[in-house]
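Chain residues, written in single-letter form:
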Amino acid sequence: MLSRRSILAGLTFSIACPLTLRAQTAPVFYSAKGAAITGYDAVSYFRDGGPVQGQPDIAVMWKGATWRFASQENREEFELNPRAYAPRFGGYCAYAMAYGELTSTDPMAWKIVGGRLYLTHSLEIEKMWLTDTTGFIQKAEKNWPAILYG
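Throughout what follows, the structure given in this document is the object of discussion. Treat the numbers as computed from the prediction; the structure is a model and nothing was measured. Within each chain, residue numbers correspond to sequence positions counted from 1 in written order. pLDDT decides what is reported in this predicted model: residues at 70 or higher carry local features, side-chain atom pairs at 80 or more are listed and counted, and totals for whole chains, interfaces and linings draw on all residues regardless. Each side-chain value is derived from all of the structure's non-hydrogen atoms; neither hydrogens nor water enter the calculation.

## Observations concerning the overall build of the chain
Phase 1 of the analysis: In terms of helices and strands, the chain carries 7 helices and 6 strands.
Phase 2 of the analysis: Each helix is a run of DSSP H or I of at least 4 residues and each strand a run of E of at least 2, with the numbering of both proceeding from the N terminus. Its helices and strands in sequence order give the chain the pattern α-β-β-α-β-β-α-α-α-β-β-α-α, from N to C terminus.
Phase 3 of the analysis: Of all 150 residues assigned to the chain, the portion counted as buried reaches 47%.
Phase 4 of the analysis: Summarising the internal contacts of the chain: among those between residues at least 6 apart in sequence, 61% fall at separations of at least 24.
Phase 5 of the analysis: Here the chain displays about 7900 Å² of accessible surface, and carbon together with sulfur accounts for 54% of that area. Under the scheme applied here, a residue whose accessible area is under 20% of the maximum for its type counts as buried, over 50% as exposed, and between as partly exposed, the area being computed with a 1.4 Å probe on protein chains only. The contact criterion used throughout is that any non-hydrogen atoms of two residues lie within 4.5 Å. Accessibility throughout is a Shrake-Rupley quantity obtained with a 1.4 Å probe, and a residue counts as covered only by protein chains that appear here.

If you want it as structure tokens, here you go:
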């Protein structure tokens, strides 16, 4: 039986996240403007206290996406262990993933939880995601990565 809260959360999600991507054509890592995380440096979230725009000339290809970095040092750090810095759920919205949807993200709507980077669709969605981060991550884990191929 669905609770009123579940129904409201689903309605809120469908209204607030209009850009849902088709699973059949979705790449493993969401990218916009030609780069993963819309060109932001994945390492900067962990080292620089927040997102820093990467430079097109300091980049690396990994898992079908271009990853840009603010410094050569950050690029080298990423190359040593890309999975440690790449956003969870391929950089798709962690909140949407909990509902079985692939949705774009805003690189400024982010949190590091348990040493992993999570992105959400917007700052408004991030607020909803923060109400039950652990629960949403657990639900999203059930959908990832099968959602890419379904």
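## Re the pattern of salt bridges
Phase 1 of the analysis: Basic side-chain nitrogens of Lys or Arg form a salt bridge, by our definition, when they fall within 4 Å of a carboxyl oxygen of Asp or Glu. Overall, the coordinates contain 4 salt bridges when judged by the stated rule.
Phase 2 of the analysis: Note that E141 and R88 form a salt bridge whose closest N and O atoms lie 2.7 Å from each other. Of the two residues, E141 is situated in helix α7 (residues 133-143) and R88 in the loop between α4 (82-85) and α5 (94-98); the sequence distance between them amounts to 53 residues.
Phase 3 of the analysis: Taking relative accessible area as the criterion, E141 reaches 32% and is therefore assigned partly exposed.
Phase 4 of the analysis: Residue classification places R88 among the buried residues on the basis of a relative accessible area of 18%.
Phase 5 of the analysis: K111 is paired through a salt bridge with E126; the nearest N and O atoms lie 4.0 Å apart. Separated by 15 residues along the polypeptide, K111 in strand β5 (residues 106-113) and E126 in helix α6 (residues 123-129) bring together distant segments of the chain.
Phase 6 of the analysis: Here K111 falls in the partly exposed class, since its relative accessible area comes to 33%.

## Describing the packing of aromatic side chains
Phase 1 of the analysis: Note on aromatic pairs: the rings of Phe, Tyr and Trp (six-membered ring only in Trp) are paired at centre separations within 6.5 Å, and the planes decide the class, stacked below 30 degrees, edge-to-face beyond 60, tilted for the rest. All told, the structure shown has 16 aromatic pairs when counted by the stated rule.
Phase 2 of the analysis: Ring geometry for F69 versus F78: centroids 5.1 Å apart, planes at 50°, classification tilted.
Phase 3 of the analysis: Taken together, the ring pairs connect Y30, F89, Y92, Y118, W129 and W144 into an aromatic cluster.

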